[in-house]
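Chain by chain, the residues run as shown.
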Amino acid sequence: MANYEVTVSTGNLLYANTFNNIYIKLVGTDGESNHTWLLNISGPLAFNTGAVSSTFTLSCTNSIGKLLLIELNKHPVIVFPEDAWFPNKVEVKSPEGQTFNFPIYRWITDSEVHLYRDGKGLYYTHPLGKYSREKEWHVYEQGIPRCMKAENTESLPLEVHFSFTKTTEFLFTAAQGLIELKLDGQGDCTEKWTDMDSIYRAFCCKITDISVYVQKHWKEDEFFAYQFLNGVNPMLIRRCSAIPKNFPVTESMFPDDMIIMDLQNENIYLCDYKLLDGVEANTINGMKQYLMAPLVLLQRTPDDKLMPIAIQLKQTPGDNNPIFFPTDSEYDWLMAKIFVRSADFNFHELNIHLLRTHLLAEVFAVSLLRNVPMVHPLYKLLIPHTRYSLQINLMARNRLISKDGTFTKYTACGGEGMFTILKRSMASMTYSSLCIPDDIAERGMEAVPNYYYRDDGLKLWDIIHKFVKGILNCYYKSDADVEKDSELQKWISDIFVEGFLSNAKTGIPQGFSTVAALVKFVTMVIFTCSVQHSAVNSGQYDYGAWMPNTPISLQLPPPTTKGTTSEATMLETFPDVNVTVQGMAIMHLLSKQSTDFVPLGHYPDKHFFEKIPCKLIKEFQGDLEIQSVIIKVRNENLDVPYTYMNPTVVENSVAI
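Keep in mind that what you see is a predicted model, and the values were worked out from it rather than measured.

## Side note on the overall build of the chain
For the chain, the helix and strand inventory stands at 21 helices and 18 strands. Here the chain has a C-alpha radius of gyration of 28 Å; the compact-globule value for 656 residues is 26 Å, and the two agree. Once the C-alpha set of the chain is aligned to its principal axes, its extents read approximately 95 × 55 × 45 Å. When burial is assessed residue by residue, the chain has 59% of its 656 residues classed as buried. In the chain, once contacts between residues fewer than 6 apart in sequence are set aside, the share between residues at least 24 apart is 75%. When the accessible surface of the chain is summed, it comes to about 26200 Å², and 52% of that surface belongs to carbon and sulfur atoms. Here the chain contributes 58 positive and 74 negative side-chain charges, whose respective centroids are spaced 4 Å apart.

Spelled out as structure tokens, the structure:
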């Protein structure tokens, strides 16, 4: 007789256990076992939450050779109804002494037979029929990436649901945020702010070290410019080689031909919000709101500081669209910066944050679940970076950007303007802009000092790229291996068609023909879902809690004549009390880390069992630890520490 020792591990999720009877069949190169009931003295406790079962012995007349797959199913017993079970993996030790691991990590909710392949098996042989093709694409809005078809969280596959911990900690409502911020009494107040002290009292309900710094320095030009480099939107600023024709700044406006010399010396930078031009602004509390499309000119000074030198608030020059300078009156210049900061909030939330991290992460995840089997190396590499992404996006669609969503109701671009911005952003997005080395080069930002987003991002890109290259080189020995992998080609094809709407101008691959191209794309996917999302998400409350620094809407038009503004004008322009606190609440909620947070490079679910990939994972973690130390040492000397790309606070996936 040939005896096989079978051990089953059940997940540590709430209700992961089962009281049903579990059956297994082993399939090998030389035969298969009988369909066998896994029964031992532990009874139902063998499959309890977090349990590793005692060993079951499964006997065959002869050896069935190298194991290829297992068939697993369960049946309810008379005293217990059918339940759901979440097995982590099945381990089988053969009579020849070999150990085979079959990763599962998903819910089994029925009595059907489910097939799982050996974690070390040749992924391109022994296909198991359908993967998850029932996960359908859905058109939420024309002109933006497709999403997964699901009306509510209950209609999502169980394996992509939040954990019990995440669910109880994260109630995706602004009301919950107002309670946590002790602002629930102001959520319905439609009055205007009457003085800065009232805004300060609301701000003091919940502060962070950086938000305190923001409150103290928000009026300063140096800090205003700093946020283009290391705030939540470090993606817009670019080196300026020629002043745009619609920004009629002339040499006479600056001393000693400064602008010409600095252009020649590559010391002038531009932030252009032209994507917002003509966007229909919202109506909030019965008041028409205002959203500008500014142009901001910045200069690198001889002491390596970045400073704003000119602001135009509309795209079309004219007498009613003055260019503001630091030499203008205090409130003229401050109001110009406030309109820029409000534009930046709306631009950032929809283009940089929602589209370029959340929506793309969902595209990558849905295509993975639809096209790639669990034992495929691409699946094993990427599945940890999809954790919670489908549910968080569904909740955002239902509760943030829906007709009655918080973002729709309280931001300047809420409503039709929101989709105008998303569609324009989608139409202008390129593959190179998603790859930070290419993006930095294209924007001419290689040399600007104190650009910590660039410094940390490039280093983390290299670390991820090294890891991805090592893993994929284990499985793809040549470009031909990539070309003939049909599952891989279906994955990228689905992404191109459904995610990037078949737009070849984006530069997104339509297929892979080389290992190098595959490595770069997968690096981009992991970077987008982890590092990039952390960079543009985690600081939202830090920089937005003090409303004057990041007003989510403004309710007076900008001044058309200089010398007409004052503190009273500023207070009249600021959003109402309820809009302010709703904005604070949602930014606090979106910046809040869950206690079941999984940092970049950590893999609680073991999908790789081969020696080399396991070694590469440890090296990856070691490289991330070193980078974390480098960032911490650097931050000790900074007035405003840049922490958002420290691997210890970067989550593996878009989970918030």
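Next comes the rest of the account.
## Re the UniProt feature "binding site: Ca(2+) 1" (unreviewed entry) in the chain
Following the UniProt record, one finds the feature "binding site: Ca(2+) 1" (unreviewed entry) at Asp-83 and Ala-84. Mapped onto the elements, Asp-83 comes out in the loop between strand S6 (67-75) and strand S7 (87-93). Setting aside anything within four residues of it in sequence, one finds Asp-83 in contact with Asn-17, Thr-18, Phe-19, Asn-20, Lys-74, Ile-108 and Thr-109. Here the side chain of Asp-83 touches Phe-19 through a polar contact of 2.9 Å, landing on its backbone nitrogen. Among the residues examined, Ala-84 registers a relative accessible area of 24% and is labelled partly exposed. Setting aside chain neighbours within four positions, we find Ala-84 in contact with Tyr-15, Ala-16, Asn-17, Thr-18, Trp-107, Ile-108 and Thr-109.

## So, the packing of helix H7 (residues 330-371) against helix H17 (residues 515-537)
Viewed as axis vectors pointing N to C, H7 and H17 meet at an angle of 140 degrees, and their least axial separation amounts to 10 Å. Classified by the angle their axes make, H7 and H17 are oblique. For the element pair H7 and H17, the recorded crossing hand is left-handed. Taking contact as the criterion, the partners of His-348, Ile-352, His-353, Arg-356, Thr-357, His-358, Ala-361 and Phe-364 in H7 are, on H17, Phe-521, Met-524, Val-525, Thr-528, Cys-529, Gln-532, His-533, Val-536 and Asn-537. Classifying every residue of the contact of H7 with H17 by side-chain character gives eight nonpolar, eight polar and one charged.

## Considering the packing of aromatic side chains
Under the definition given, this model contains 26 aromatic pairs. With a centroid separation of 5.5 Å and an interplanar angle of 85 degrees, the aromatic rings of Tyr-642 and Tyr-644 are classed as edge-to-face. Its relative accessible area of 3% is what places Tyr-644 among the buried residues. Here the aromatic cluster, defined as three or more aromatic residues joined through ring pairs, consists of Phe-364, Tyr-431, Trp-491, Phe-512 and Phe-521. The ring centre of Phe-224 lies 5.8 Å from the NZ or CZ of Lys-337, which sits over that ring. Against the face of Tyr-431 rests Lys-520, its NZ or CZ located 5.4 Å from the ring centre.

Calculation criteria
- Residues numbered from 1 in each chain as written.
- Predicted model: local features only at pLDDT ≥ 70, side-chain atom pairs only at ≥ 80, totals over all residues.
- Heavy atoms only, no water.
- Helix = DSSP H or I, 4+ residues; strand = E, 2+ residues; numbered from the N terminus.
- Rg over C-alpha atoms; globule rule 2.2 N^0.38 Å.
- Buried < 20%, exposed > 50% of the residue type's maximum accessible area, 1.4 Å probe, protein only.
- Contact = heavy atoms within 4.5 Å.
- Areas by Shrake-Rupley, 256 points an atom, 1.4 Å probe, with all protein chains shown as cover.
- Lys, Arg positive; Asp, Glu negative; His and termini not counted.
- Charge placed at Lys NZ, Arg CZ, Asp CG, Glu CD.
- UniProt positions renumbered as here; feature names shortened; annotations may be inferred.
- Polar contact = N/O pair within 3.5 Å; in protein donor to acceptor, adjacent residues only side chain to side chain.
- Axes fitted to C-alpha atoms, helices over the stretch in contact; angles between N-to-C directions.
- Parallel < 35°, antiparallel > 145°, perpendicular 65-115°, else oblique.
- Left-handed = near helix turned anticlockwise from the far one by under 90°.
- Nonpolar A, V, L, I, M, F, W, Y, C, P; charged D, E, K, R; others polar.
- Phe/Tyr/Trp six-rings, centres within 6.5 Å; stacked < 30°, edge-to-face > 60°.
- Lys NZ or Arg CZ within 6 Å of the ring centre and 35° of its normal.

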